[in-house]
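Structural overview
Okay, here's what each chain looks like letter by letter:
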Amino acid sequence: MIDIEHLLCSMSRNAIKLSIPGEGGSEIGRFGGQPDVPPGFVWPYFETDTYEDKEVKPHPLSFLAQFDCAVLANMDTEGLLPHEGILSFFYEMESQCWGFDPKNAGCAKVYWFPDKSVLAPASFPEDLQDYDRFPAFPIRGSKQISYPDYNDAFPNGYDPENPDNYEEYEKVFAKLAGEGEDEPFHKLLGWPNIIQSNMTQQCELVSRGHYCGGGWDKIPEEDQQAARDTSTEGWRLLVQLDSFGEGDFSLDFGDCGSIYFYIRTEDLKARRFDRVWLVLQCY
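Residues numbered from 1 in each chain as written. Predicted model: local features only at pLDDT ≥ 70, side-chain atom pairs only at ≥ 80, totals over all residues. Heavy atoms only, no water.

Here we come to the overall build of the chain. Looking only at helices and strands, the chain has seven helices and 16 strands in total. The globule rule puts the C-alpha radius of gyration for 283 residues at 19 Å, and the 19 Å found for the chain is close to it. Dimensions of the chain along its principal axes, counting C-alpha atoms only, are 60 × 45 × 40 Å. A burial count over the chain gives 51% of its 283 residues as buried. Pairs at least 24 residues apart make up 75% of the contacts formed inside the chain by residues separated by at least 6 positions. Surface accessibility of the chain: about 13500 Å² in total, with carbon and sulfur atoms responsible for 47%. Charge centroids of the chain, computed over 23 positive and 49 negative side chains, lie 5 Å from each other. (Helix = DSSP H or I, 4+ residues; strand = E, 2+ residues; numbered from the N terminus. Rg over C-alpha atoms; globule rule 2.2 N^0.38 Å. Buried < 20%, exposed > 50% of the residue type's maximum accessible area, 1.4 Å probe, protein only. Contact = heavy atoms within 4.5 Å. Areas by Shrake-Rupley, 256 points an atom, 1.4 Å probe, with all protein chains shown as cover. Lys, Arg positive; Asp, Glu negative; His and termini not counted. Charge placed at Lys NZ, Arg CZ, Asp CG, Glu CD.)

We now examine the nonpolar core. Within the largest apolar cluster, 54 residues are counted, with the highest numbers of intra-cluster contacts made by Phe 31, Phe 67, Tyr 91, Leu 238 and Phe 261. It is strand E7 (residues 86-91) that provides the largest number of residues to this core, a total of five residues. The next biggest cluster of nonpolar side chains, apart from the first, holds 15 residues, and it includes Ile 195, Leu 205, Val 206 and Ala 227. (Core = buried A, V, L, I, M, F, W, Y, C linked by side-chain atoms within 4.5 Å.)

Moving on: helix H6 (residues 221-234). Taking 1.5 Å as the rise per residue, H6 with 14 residues should run 20 Å; its terminal C-alpha atoms sit 19 Å apart, in good agreement. Turning to H6, its buried residues are Asp 223, Gln 224, Ala 226, Ala 227, Arg 228, Ser 231 and Thr 232. Looking at the buried side of H6, the elements it contacts are helix H1 (4-11), strand E1 (13-19), helix H3 (150-153), helix H5 (200-207) and strand E12 (235-242). (Expected span 1.5 Å × (residues − 1).)

A few words now on the packing of H5 against H6. Between H5 and H6, whose axes approach to 8 Å, the crossing angle comes to 125 degrees. Relative to H6, the element H5 lies oblique. H5 and H6 meet at a crossing whose hand is right-handed. In this structure, H5 uses Thr 200, Gln 201, Glu 204 and Leu 205 to contact H6, whose residues at the interface are Asp 223, Gln 224, Ala 227, Arg 228, Ser 231 and Thr 232. (Axes fitted to C-alpha atoms, helices over the stretch in contact; angles between N-to-C directions. Parallel < 35°, antiparallel > 145°, perpendicular 65-115°, else oblique. Left-handed = near helix turned anticlockwise from the far one by under 90°.)

Looking now at the packing of aromatic side chains. What the rule picks out here adds up to 27 aromatic pairs. On the basis of an interplanar angle of 70 degrees and a centroid distance of 6.5 Å, the ring pair of Phe 137 and Phe 244 is categorised as edge-to-face. Linking Phe 137 in strand E10 (residues 137-146) with Phe 244 in strand E13 (residues 244-246), this pair joins segments that are 107 residues apart in sequence. These aromatic residues form a ring-pair network of at least three members: Phe 41, Trp 43, Phe 63, Phe 90, Tyr 111, Phe 113 and Phe 124. We note Arg 13 situated over the ring of Trp 191; from NZ or CZ to the ring centre the distance is 3.8 Å. (Phe/Tyr/Trp six-rings, centres within 6.5 Å; stacked < 30°, edge-to-face > 60°. Lys NZ or Arg CZ within 6 Å of the ring centre and 35° of its normal.)

This brings us to the pattern of salt bridges. Under the counting rule described, the total for this entry stands at 14 salt bridges. Residues Lys 175 and Glu 5 are paired through a salt bridge, measuring 3.1 Å at the closest nitrogen-oxygen approach. You can see Lys 175 sitting in helix H4 (residues 164-177) and its partner Glu 5 sitting in helix H1, a full 170 residues away along the chain. Bridged by salt links that share partners, the residues Glu 204, Arg 208, Asp 223 and Arg 264 form one connected network. (Salt bridge = Lys/Arg side-chain N within 4 Å of Asp/Glu carboxyl O.)

Another point: H4. Taking 1.5 Å of rise per residue, 14 residues should cover 20 Å, and H4 covers 20 Å from first to last C-alpha, within 8% of that figure. Looking at H4, one finds that the buried residues are Asn 165, Tyr 169 and Val 172. Along the axis of H4, the buried residues cluster in a sector spanning 75 degrees; they form a single face. Exposed positions of H4 whose direction lies more than 90 degrees from the buried face are Glu 167, Lys 171 and Lys 175. If you follow the buried residues of H4, they end up packed against H1 and H3. (Arc of directions from axis to C-beta.)

Worth remembering: the numbers are spatial, not functional.
Right, here's the structure in full:
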């Protein structure tokens, strides 16, 4: 029988819980407003149709958030992030791609600007809609221990030969995580709050050129098994942002969902933030 408590403890990761707008913890960044960028920065665009316009054409990405890496250093106990500069996140809001299609590459962008001294606020592109220019809110952060969801702890899925695993997992997870987190769930690093299913396998399969939006029946079983065997360690959550509202402002990903920026572990170590992959999940 699997010792689930030992398994979850061995898989625990450090996370940085984010509060937007910030209350408690240290101020580590900003949501919305104008991004701070270096000279010569070219605003990212993604060629797509949208829910409102079926013509495929370039659309500007929305600026989501930026983080001060030097301030994050004391919270990044695993030393995964750069410890200088600014890390900035963008997403194309009009199409809100889900990340199950290799063609979704470019719908989300992450930039690392190592030298803060040369950064200045960017002007928004004229064709970026006003409602896709988000108001500025401070982001505060605090360290937490993060444990994997059942779908990450058991990447092969529910095992009918060990039906007690899920119930035991629920008990152990509640014991380790306490009363759990308060919504909305925003975080840097750690394990995601999964809405639907494991996402690292999807990232791995899409990176191999497979379309994952209509089931996996047409994906070779060897590729599926390789994704199950390697993706949990091969891919890391970089940022999770939830739908949330503040005052008159409301941000919705799908139907009250979340977006997740994933990156290969090797690319994170190499600071290849141009290789992130975005997944959207909702209810």
